[in-house]
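Here is what each chain is made of, one letter per residue.
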Amino acid sequence: MAEMLPQLMTPHGISQPTDYYNLFYQRPYCRMGPYVIGLFLGYTLWHTDRKVKMPRWLVAVGWITSTVVALSTLFGVHDSFAGYRYMSLLETAIYNSLKHTVFGLCVAWVLFACLTGYGGYIQTILSFKPFIPLSRLTYCTYLVHPAVVYLFSYSQNGVFWLNSWNLTFHYLGVLFVSIITGGTLSVFVESPTIRIEREILIQLDLVPPSANF
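Computed from a predicted structure; not experimentally measured. (Residues numbered from 1 in each chain as written. Predicted model: local features only at pLDDT ≥ 70, side-chain atom pairs only at ≥ 80, totals over all residues. Heavy atoms only, no water.)

Engineer: So what exactly am I meant to see when it comes to the nonpolar core here?
Structural biologist: Nonpolar side chains in soluble globular proteins generally cluster together in the buried interior. Membership of the largest hydrophobic core is limited to eleven residues, which are Ile37, Leu41, Leu45, Val52, Met54, Val59, Trp63, Ala108, Trp109, Phe112 and Ala113. Within the residue set of this core, elements represented by two or more residues are helix 2 (32-48), helix 3 (56-75) and helix 5 (89-115). Residues within four places of valine 52 in sequence aside, it is in contact with Phe112, Thr116 and Tyr118. (Core = buried A, V, L, I, M, F, W, Y, C linked by side-chain atoms within 4.5 Å. Buried < 20%, exposed > 50% of the residue type's maximum accessible area, 1.4 Å probe, protein only. Helix = DSSP H or I, 4+ residues; strand = E, 2+ residues; numbered from the N terminus. Contact = heavy atoms within 4.5 Å.)

Engineer: Explain the pattern of salt bridges to me, please; I cannot follow it from the model alone.
Structural biologist: For side chains bearing opposite charge, pairing can occur when the charged atoms are close. Inspection of every chain in the model, using the stated rule, returns two salt bridges. Residues lysine 51 and aspartate 49 are paired through a salt bridge, measuring 2.8 Å at the closest nitrogen-oxygen approach. Glutamate 199 serves as the salt-bridge partner of arginine 198, at 3.3 Å between the closest nitrogen and oxygen. Residue arginine 198 is classed as partly exposed on the basis of its relative accessible area, which comes to 23%. Its relative accessible area of 38% is what places glutamate 199 among the partly exposed residues. (Salt bridge = Lys/Arg side-chain N within 4 Å of Asp/Glu carboxyl O.)

Engineer: For this particular structure, what's the right way to read helix 3?
Structural biologist: Since one α-helical turn is 3.6 residues long, residues separated by three or four positions face the same way. Along its 20 residues, helix 3 runs 28 Å from first to last C-alpha, staying within 8% of the 28 Å computed at 1.5 Å per residue. Along helix 3, the positions that sit buried rather than exposed are Val59, Gly62, Trp63, Ser66, Ala70 and Thr73. Seen from one end, helix 3 has its buried residues packed into an arc of 115°, which puts them on one side. Set apart from the buried face of helix 3 by more than 90 degrees, the exposed residues are Arg56, Trp57, Ile64 and Phe75. Check the buried side of helix 3 and you find it contacts helix 5 and helix 6 (120-126). (Expected span 1.5 Å × (residues − 1). Arc of directions from axis to C-beta.)

Engineer: Honestly, the environment of arginine 56 in this entry has me stumped. Any pointers?
Structural biologist: Within the element layout of this structure, arginine 56 appears in helix 3. Remark: the alpha-carbon pair of arginine 56 and tyrosine 118, spanning 62 residues in sequence, is separated by 9.1 Å.

Engineer: Help me out: how do you make sense of the side chain of serine 186 in this one?
Structural biologist: Here serine 186 is to be found in helix 8 (residues 164-203). In this structure serine 186 touches Arg136, Leu137, Cys140, Ser191 and Pro192, once residues within four positions along its chain are discounted.

Engineer: Help me understand unusual backbone geometry in this model?
Structural biologist: Glycine aside, the phi torsion of most residues is negative, and most peptide linkages are trans. Here the phi dihedral of aspartate 49 falls at roughly 55°; this positive angle occurs in a residue that is not glycine. Assignment of secondary structure puts aspartate 49 in the loop between helix 2 and helix 3. When its relative accessible area of 48% is taken as the criterion, aspartate 49 is described as partly exposed. A positive phi angle is found at arginine 50, which is not glycine, with a value near 60°. Topologically, arginine 50 is positioned in the loop between helix 2 and helix 3.

Engineer: Before we go on, may I ask you to explain the side chain of lysine 99 in this structure?
Structural biologist: You can see lysine 99 is positioned in helix 5. Buried charge lysine 99 goes without a salt bridge, the closest partner of opposite sign being glutamate 91 at 14 Å. Polar contacts involving the side chain of lysine 99 include one to the side chain of asparagine 96, which spans 3.4 Å. (Lys, Arg positive; Asp, Glu negative; His and termini not counted. Polar contact = N/O pair within 3.5 Å; in protein donor to acceptor, adjacent residues only side chain to side chain.)

Engineer: What exactly am I supposed to notice about a nonpolar patch on the surface here?
Structural biologist: Residues Leu71, Leu74, Phe75, Phe103, Val107, Leu111 and Leu115 make up a contiguous nonpolar surface patch of roughly 630 Å² in combined accessible area. Elements with a contribution of two residues or more to the nonpolar patch: helix 3 and helix 5. For the nonpolar patch, the element with the highest residue contribution is helix 5, accounting for four residues. One can find leucine 115 in helix 5. In this structure leucine 115 comes out as partly exposed when scored by relative accessible area, which is 37%. (Patch = residues over 30% accessible without salt bridge, like charges linked within 9 Å, V, L, I, M, F, W, Y side chains within 5 Å. Areas by Shrake-Rupley, 256 points an atom, 1.4 Å probe, with all protein chains shown as cover.)

These results come straight from atomic positions and should not be treated as a statement about function.
Okay, here's the thing in structure tokens:
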């Protein structure tokens, strides 16, 4: 597993396009880090009631560090993707082991800073009201988009040529179908389930009637 770069061909012999996705990308234990971070963040915000005092220098360090680290996680492997320089076995192992957890920490800082009053302009942008209905679609869209991608890929009867125009229209098509499908799933499954959960928790006196899910 340490040999698997987020690309299909490496000097270490990974040549099958499905190896990385089947043996690493889709495995839940490879994504456990962000889940644990989210649990810890939720508990911290609940325990402190979102009342946290931090000096300005610490806030600045948090924002700068999270920004640099998140961008490094996304773009630090550009040379490897582009084929300019393949990562060593040690670099590959470190990257694949930590990328999800590290990026999750960066996202956790954004949430923590915004919810405790240290978000600044980022908090203002993320609080933009038109984002609210879109935010309710993102999770279902995320859940269904692999099925849309697989449906397109496995329905091909010929070669799909990789060029800018084909990839652009492929991306837009997958995005549109995923949003429509995810929106339908959100309206008819996710939203009713959340309302039922809210009513049950209110009846059990676990949340106040004013709780907004």
